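Spelled out, the chains give:
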Amino acid sequence: MFTSTVAGLAAGGAYALIGVCLVFTYRLVSVVNFTGAAIGATGTFAMVMLREQGFSLPFSILAGLACGTVIAALLGAVMMKWFASAPAQTKAAVTVALLVGMIALGLRITGGQHPRPFPDLVPGSAFTLAGVVITRAALVTISLAFIFTIAATRFLNRTRMGLQLRALSERPVSAELIGIPVRKLSIGVWATAGIATTLALMIIAPQRAPNFLTFSMLVVPAFAAALIGGFRSFWLTLAGGIALGLLEGMAAGLSGLAQFRSAVPFLIILAVLLWSQRRARWDEQR
Amino acid sequence: MSSANLKSTLVTILIACVATAIINFTLTSYWVFLFTGAVVAAIALLGVGLVASRAGMISLCQMSFAAIGAWVVAWLNVKHAPGSLLLWVLLGGLAAVPFGIAIGLPALRLRGINLAIVTLGFAAAFDVILLSYTFPGQTKFIFVKRPDLFSSDQAYFALCVAVFVILAIALNLLSQTPLGASWLALRHSERGTAAHGVSIPQSKLSAFALSAFIAGLSGGLLAGQLGTLVAESFTLMVSMVYFVVTTMAGAHLAEGAIFGGMLIIFFPEVLRRLNLPQDIGNVFFALGATQALSMGGTMAEDLRGLFRKIFKGKEIVASGFTEDAALVAVVPPAVKANAKAMLDIKNLTVRYGSVVALNDVSFAVPEGSVVGLIGPNGAGKSTLIDGVTGFLATYDGTVLLDGQKLDGLLAHLRARAGIRRTWQQTRIAPQLSVGDYLTLAASRRLKAEESEELLLWMGCPGPQTAISQIDAGTRRLLDVAGVIAARPKIVLLDEPAAGLSHQESTQLAARIAQIPARFGTSVLMVEHDMDLVRMVCNTIFVLDFGKIIASGPTQKVLDDPRVIKAYIGDPEGLAT
Amino acid sequence: MKKHHLISMALASTAIFASALMAATSASAAGPTCTDGKIVVGAVSTITGPADFSEVPKAAQATFDVVNAAGGINGCKIDYTIADDKADPQVAAQSARDLVENKGAVVMTGSASLLDCAVNAGYYDKQGILSVHGLGVDPVCFNAPSISPVNVGPYTLTTAVLQYGSSVLKAKNLCGIFWIVGGTDEAYPAAVARWEKLSGQKFGMIDLTLPFQGDYTPYVLKARDAGCDAVVMNTVEPQIVQMINTADAQNITGIKWLFLAPGYTEQVAKTLAATKQEIYVGTEWEPYTDSKSKSNEGWNAAMSAAGMPLTAFTQGGYESATILVDVLKSIDGPVTREAVTAALHNLSPVNNPLVGTPYTFGMAASHASSQGTKMVKLENGAWKVETPDWFVLPPE
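Here's what I pulled together on the structure shown here. Source: prediction; values computed, not measured. (Residues numbered from 1 in each chain as written. Chains lettered and ligands numbered in written order. Predicted model: local features only at pLDDT ≥ 70, side-chain atom pairs only at ≥ 80, totals over all residues.)

1. Brief notes about the interface of chain B and chain A
Piece 1. Taken together, the contacts link 44 residues of chain B with 40 residues of chain A.
Piece 2. Secondary-structure elements contributing two or more residues to the side of chain B that touches chain A are α4 (85–108), α5 (114–133), α8 (190–194), α9 (200–226), α10 (236–249) and α12 (280–295) of chain B.
Piece 3. Broken down by element, the side of chain B that touches chain A gets its largest block of residues, 11 residues, from α5 of chain B.
Piece 4. Of the residues assigned to the side of chain B that touches chain A, the class counts are 29 nonpolar, 10 polar and five charged. (Contact = placed C-beta atoms within 7 Å. Helix = DSSP H or I, 4+ residues; strand = E, 2+ residues; numbered from the N terminus. Nonpolar A, V, L, I, M, F, W, Y, C, P; charged D, E, K, R; others polar.)

2. Notes on the environment of Ala510 of chain B
Piece 1. The topology assignment puts Ala510 of chain B in helix α19 (residues 502–519).
Piece 2. Ala510 of chain B gets classed as partly exposed once you count the C-beta atoms within 10 Å, which come to 17. (Buried ≥ 20, exposed ≤ 12 C-beta atoms within 10 Å, placed from the backbone.)

3. Some points on the nonpolar core
Piece 1. Ranked by internal contacts, the top residues of the largest apolar core, which has 439 residues, are Val96 of chain A together with Ile43 and Val244 of chain B.
Piece 2. Considering every element that reaches this core, the biggest residue donor is helix α2 (residues 29–54) of chain B, with 19 residues.
Piece 3. Each residue touching Ile43 of chain B, except ones within four places of it in the same chain, is listed here: Val163, Phe164, Leu167, Ile214, Leu217, Ser218 and Leu221 of chain B. (Core = buried A, V, L, I, M, F, W, Y, C linked by C-beta atoms within 7 Å.)

4. What to know about the interface of chain C and chain A
Piece 1. Each partner contributes to the interface: chain C provides 31 residues, whereas chain A provides 34 residues.
Piece 2. Listing elements by their share of the side of chain C that touches chain A, those giving two or more residues are α7 (217–225), α8 (237–249) and α9 (266–271) of chain C.
Piece 3. Looking at the side of chain C that touches chain A, the element that brings in the most residues is α8 of chain C, giving eight residues.
Piece 4. Taken together, the residues of the side of chain C that touches chain A break down into 12 nonpolar, 15 polar and four charged.

5. Quick notes on the environment of Asp436 of chain B
All names here are of chain B.
Piece 1. Position of Asp436 among the secondary structure elements: in helix α16 (residues 434–442).
Piece 2. Between the C-alpha atom of Asp436 and that of Gly49, which follows or precedes it by 387 residues, the distance is 19 Å.
Piece 3. Those residues within four positions of Asp436 in sequence are excluded, and the remaining contacts are Ser175, Gln176 and Ala181.

6. Quick notes on the packing of helix α2 (residues 55–69) of chain C against helix α10 (residues 297–306) of chain C
Residues and elements named next belong to chain C.
Piece 1. Direction vectors running N to C along α2 and α10 enclose 90 degrees, while the axes themselves pass 10 Å from each other. Relative to α10, the element α2 is oriented roughly perpendicular. Note on element contacts: α10 touches α2 through Ala302, Met303 and Ala306, opposite Ala59, Ala62, Thr63, Asp65 and Val66.
Piece 2. Its residues assigned to classes, the contact of α2 with α10 shows six nonpolar, one polar and one charged. (Axes fitted to C-alpha atoms, helices over the stretch in contact; angles between N-to-C directions. Parallel < 35°, antiparallel > 145°, perpendicular 65-115°, else oblique.)

7. Observations regarding the packing of α2 of chain B against α10 of chain B
Residue and element names in this part refer to chain B.
Piece 1. Their axes nearest at 9 Å, the elements α2 and α10 cross at an angle of 70 degrees. In terms of orientation, α2 and α10 fall into the roughly perpendicular class. Crossing hand, α2 versus α10: right-handed. Residue-level contacts link Ala44, Leu45, Val48, Gly49, Ala52 and Ser53 of α2 to Tyr242, Phe243, Val245, Thr246 and Thr247 of α10.
Piece 2. Its residues assigned to classes, the contact of α2 with α10 comprises seven nonpolar, four polar and no charged. (Left-handed = near helix turned anticlockwise from the far one by under 90°.)

Structure, rendered in C-alpha cells:
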C-alpha cells in the first residue's frame with residue numbers, strides 16, 4: 001500500500017502546480033478559471049506538433065510555452081474587455097463556455113486517438129523510495145510547484161505590483177481610477193499562470209495519456225486542491241494537490257477501492273466543503 | 001389560478017397541440033424522431049435553466065442526474081417492475097433528487113462558486129463509474145418497453161411534448177410563489193432576498209433538487225425514446241454543452257428551452273447536410289454563450305423584450321401618486337402614552353477591527369410610532385440596521401423585538417420573526433414582475449384586491465408590470481410597499497426618500513405616517529431629508545461617530561445646537 | 001448592443017428552418033432501388049471528436065469507386081454515404097435513421113465508430129438491415145444479431161494473445177490489466193477463462209480497474225509485485241504509450257507486454273522506438289506493415305491506386321467492401337434491403353486473404369467470425385511479424 005501511495009507523487013505534483021495557478025488567477029483577477037488546464041494542453045500540443053514537423057526540441061519547447069502564454073493572455077484580454085466588472089459567477093460561466101469551445105477545437109487540431117511522441121523533457125530517475133522509482137520529472141514538477149508557491153506568496157505580499165493587483169481584484173474600477181494599469185496587469189496574471197501550467201503539463205505529458213480532453217480535465221483535481229486551500233492559501237493548495245495525488249495512488253493499490261479512484265477528487269471536494277461550513281456569511285457587494 | 005395565468009396556460013397548451021399535430025401528420029418518422037430528441041433535450045434544459053438562468057448558479061452535472069433517471073428506468077425495465085414507463089420515468093426523476101441534495105447540501109450553504117466545482121467533480125467521477133458499469137440490459141439488448149399507447153414514434157413524441165408542457169406550466173406557476181420568486185431574486189441579491197425571510201441555502205437547494213428531478217425525468221424519457229442507452233449520452237462534456245446552450249438560449253423560459261433543444265438536435269443535422277464537420281457545433285455554442293454572457297441577456301429574454309417592444313410599446317412607468325402634493329397635510333401617527341417597546345436596542349456595539357462603528361447604542365421604538373434615526377454620513381446608521389436585522393457577523397449588546405431576543409438569529413429568521421428592512425439602494429431583481437415581488441416580500445401570495453389596493457396607495461404600477469419597466473424612484477416606493485405587505489411588527493426604512501423628488505417625498509411622507517395605523521407596523525426610519533423627518537417622526541435619535549448624541553421629540557432635537565454642529569459640513573443636513 | 005444577438009438568433013433560426021425545408025423535400029425521396037441505377041449503402045463512423053476512424057469507410061469508398069468506374073454491379077452504381085457520429089450517441093442515432101429511413105440504405109458497410117453498435121444495433125435489428133462492420137470497436141459489435149465485423153475484436157484477440165504468450169513465449173505467470181468500459185466487466189474475464197480452458201494454465205493477477213486517464217504507476221508496480229512475466233492489456237494507443245513509458249520510468253524488466261490491435265500503428269512504434277520493454281501486439285488482419293506479404297497484394301494495389309494510406313484501418317474498409325460487392329453480385333432481382341439481408345443470412349463462409357478464418361454472417365445471435373491473428377513485435381521502432389502463419393484459435 002505504501003508503494004502505491006508513493007507512486008502518486010508525480011501526479012500530485014502536477015495537481016499542486018495547476019491548483020496553485022488557479023488560486024493565483026482567482027486571487028489576482030477573481031476568475032475561477034475552468035480553462036486552466038486546457039491552456040496548458042494547448043501549449044503542450046503546440047510543442048509536440050512543432051517537434052513532429054522537425055523543429056529542434058529547445059525551439060519547440062520555447063514556442064510551446066509561448067503558445068500557452070499567448071492563449072492565456074488572449075483569454076485574459078477577452079475577460080478584461082467584456083467581463084471586467086461582471087460578478088464571479090458570470091466570469092466562471094464564461095470560462096466554462098470557452099472550455100467547451102477549446103476542447104472541440106483542441107480535439108479537432110490535435111486528433112484524438114493517435115499518440116504523439118511527447119519528448120521526455122526531464123528524462124531518467126532520481127532515486128528509489130519504497131520500491132518505487134521516483135522520476136526526475138516527478139521531482140521537477142513538485143519542485144516547480146514549490147517554487148511557484150513561494151514566488152506567488154512573495155509576489156503578493158512583498159511587492160508593490162502584488163499589492164496593486166490585490167487592490168485591483170477587489171475593486172477593478174477604483175483601481176483604474178488611481179492609475180493602476182489594470183488591463184496590462186490582469187493580462188500579465190493570465191499569461192503567468194498560462195506559462196506555469198504549460199510547463200507543468202509538458203513535463204508530465206510522456207507519462208499521461210496525452211489527449212487534449214484528458215489534459216483539460218486535469219482541472220478537476222486541481223480545483224479540489226485549490227478548494228483545500230480555500231482559493232486563498234497557496235501553501236495549503238500545494239499540500240492539498242500533493243496529498244490528492246498520494247490518495248489516488250493509495251486508492252489504486254487497494255483492490256476494493258481501485259475502481260473508485262477517479263472519485264477521489266470529488267470526495268475530497270465534498271469533504272472540504274463539509275468541513276469549511278460555518279455560519280452563512282454575507283458578501284459585501286450584493 | 002388567476003385569469004392571466006389561465007390565459008397563458010391555455011395558449012401554451014394550444015401551441016403545443018398544434019405543433020405536435022403538424023409535426024406528427026406532415027413529417028416522416030425520422031423527423032418525428034429528431035423532434036422527440038429536441039423535446040427531451042428541452043426538458044433537460046428546463047432543469048439546467050432553473051439552476052443556471054433563474055437562480056444564477058453553475059451546475060455541470062445535470063446529465064449525470066439524467067443518467068440516474070435513465071438507469072432507474074432501465075433497471076426497472078429489466079426487473080419487469082410493475083407499472084409502466086410513465087411510472088418508471090417518474091421514479092427515475094425522484095431517484096435523482098437525493099443525489100442532488102447530497103451534492104447541493106454542502107456546496108450551497110457557502111457562498112460563491114462551490115457548486116460549479118463540486119458538480120464538475122461529481123460529473124467527472126460519475127462518468128468513469130457509469131462508463132464501466134453501463135446500463136442494465138445494455139449488453140443483453142433488453143429494450144426499454146414503451147406502453148402500448150405510446151409505442152408509435154408519433155405517440156411517444158406527443159407524450160414528451162405533454163411532459164414538457166406540464167413542466168413548463170408548473171414552473172411558471174411556481175415562479176409566482178414566494179419560493180419561485182426567491183430563485184430569481186437571489187441571483188440578483190442574496191442579502192436582499194434574505195431580508196424577505198428567505199433562507200438562501202434552502203432556496204438554492206430546492207432549485208437544485210428540483211432541477212435534478214427534471215433532469216432525471218429527461219433521462220427516463222430518453223431511455224424510452226432510444227430503448228437502449230449508452231454512457232456517452234451523459235458525460236461531463238454533454239453536461240457542459242447543456243450548460244452552455246442554456247446560457248445562450250435562456251432555458252428558464254419555456255421558449256428558450258425549446259430553442260436550445262432544437263439547437264442541440266438540429267445543429268448536427270444541418271452540419272451533416274452541409275458536409276461540415278460535426279465538432280463545429282460546440283465551438284458555435286461556446287461563442288454564442290460567451291456573447292450572451294457579455295450582453296447580459298439570452299435569446300429567449302431578448303425575444304420577449306422585442307415582443308414587448310413591438311406589441312406593447314416601450315414605456316417606463318413612473319410614480320403614480322395622484323393627489324396634489326401641496327394639499328397633503330402630514331401629521332405623525334398618534335402613539336399611545338404607555339405603548340410598549342416594539343424594538344428595544346440595548347448597548348449595541350459593533351467593531352470592525354480597531355474601528356468602533358457603533359458604541360454602546362441603546363434606544364427603543366414604541367409600538368405604533370414612527371421613529372427617525374438621523375446623523376451625518378458614516379455615523380453608523382446603516383450599520384445599526386444591518387446589526388439589528390442580522391446582516392453583521394457579530395455584535396455586542398442585545399436586540400429585543402416585542403420582548404423577544406433576536407441575538408444569534410440569522411437574517412431570514414429575524415425577518416420571519418417580524419422585522420423587515422429596506423436598503424439604501426434598491427435590491428429588487430429586475431427580472432421579476434411587481435406582483436411576484438410582492439409575493440416574495442410578503443412571503444405569501446396576496447389576494448388580487450389586497451395587492452392592487454396596496455400598489456395604488458403607494459403609487460406603484462399594477463402587478464403585471466415588469467420591474468425592468470419602472471423607473472428608479474418608483475422602485476423605491478415599491479421597496480416600501482414590499483416590506484409593509486409582509487405586515488411585520490416593525491420596518492426599518494433606510495433612506496426611503498433618496499432619489500425621489502420633493503413632491504414625491506412629501507407624498508411618501510403621508511404614507512409612512514399612516515403605516516402604523518393602517519398595517520399595525522411600527523417604523524424606524526433613517527433619512528437625510530429633514531422635511532420628511534419633521535413631517536412624520538414622533539421622536540428622533542441622532543447618531544454621530546457611533547454614539548447617540550441627542551434624542552427626543554422631533555422639533556426639539558432638530559433645534560439642539562449639538563445636532564446642528566454634528567451636521568456642519570454635511571450639506572444635506574443643515575440646509576433644511 | 002443587441003444586434004449580435006439577433007444575428008446569432010437569425011443564424012440559428014435559418015438553420016432550423018433550412019432543416020425543416022430539407023425535411024419536407026427528403027420526405028418524398030425514400031426507397032430508391034436499383035431501378036434508379038444505384039444501390040444505397042451507408043456507414044456510421046466516428047470522424048470528428050475524440051477519435052478519427054474515417055480511414056475505414058474511406059477505404060470502402062475507394063473500393064466502391066473502382067467497382068462503379070468499371071460500370072457498377074450489373075449497371076447499378078453503389079451510392080455510398082459516410083455519416084460522422086462525433087462519438088455522440090444522439091448524433092449516431094440520428095445518422096443511422098437518416099441513412100436507413102431517408103436515404104433508403106439497403107445495408108451498412110465499412111462502419112467504424114466508438115459507439116455505432118451500442119447505439120444502433122437494436123435499431124438495425126428492428127429495421128431488418130444488417131451491417132458488415134469495417135471495424136468493430138465497442139463490445140456490442142461482437143454481440144449483436146445485426147452486425148458482423150470483419151475484424152477479430154478485443155475478446156477473441158485477448159484469448160489469442162494469451163494463447164500466444166503461453167504456447168509460444170512460454171510465459172508462466174500471465175497477468176491482465178483491463179480498462180473496463182460499457183459493461184465489458186464480464187467479457188474480458190470470459191476471454192481469460194476461454195484461454196485457461198485452452199491452455200490448462202491458471203491466470204495470474206487480473207485487474208479490472210485501469211482508468212482511461214490518470215497515473216499508471218500503481219498498475220505497473222502491481223504487475224511487477226505480482227511477479228508477472230507477461231501482461232495483457234486492452235488499452236488504446238495513447239494509453240499503451242503511457243503504460244510503456246511508465247514501465248520504463250520504473251525500470252521494469254522481465255515483463256512481456258501483450259497488447260491488442262489498437263497498439264499496432266506506426267505512431268506507437270515510432271513513439272516507443274527507444275523503449276527497453278518487450279512489446280507484442282495481436283493484429284486484426286494480415287500485418288499491414290509487411291510489404292512483402294502476398295495476402296496484402298489486392299488491398300495494397302487498391303489503396304495505392306486510390307491514394308489511401310496503407311493502415312490496418314484501410315484493410316478493414318477494403319475487406320468489408322469487397323465482401324459486400326460479392327454479396328451484392330450474388331443477388332437475383334431487385335437489390336432491396338430484404339434481398340441483401342437474406343443474402344447475408346444465407347452467406348456461405350467467405351475466404352479472404354486478409355483474415356485467418358472465413359467471414360460469416362448467418363442468423364447467429366452474435367458474430368466473431370475472425371478467430372485468427374498474426375503477432376507482431378516492436379523492434380527498433382518498427383513492427384516485425386513473429387508469426388508468418390495465422391495463429392488461429394481452435395473453435396470453442
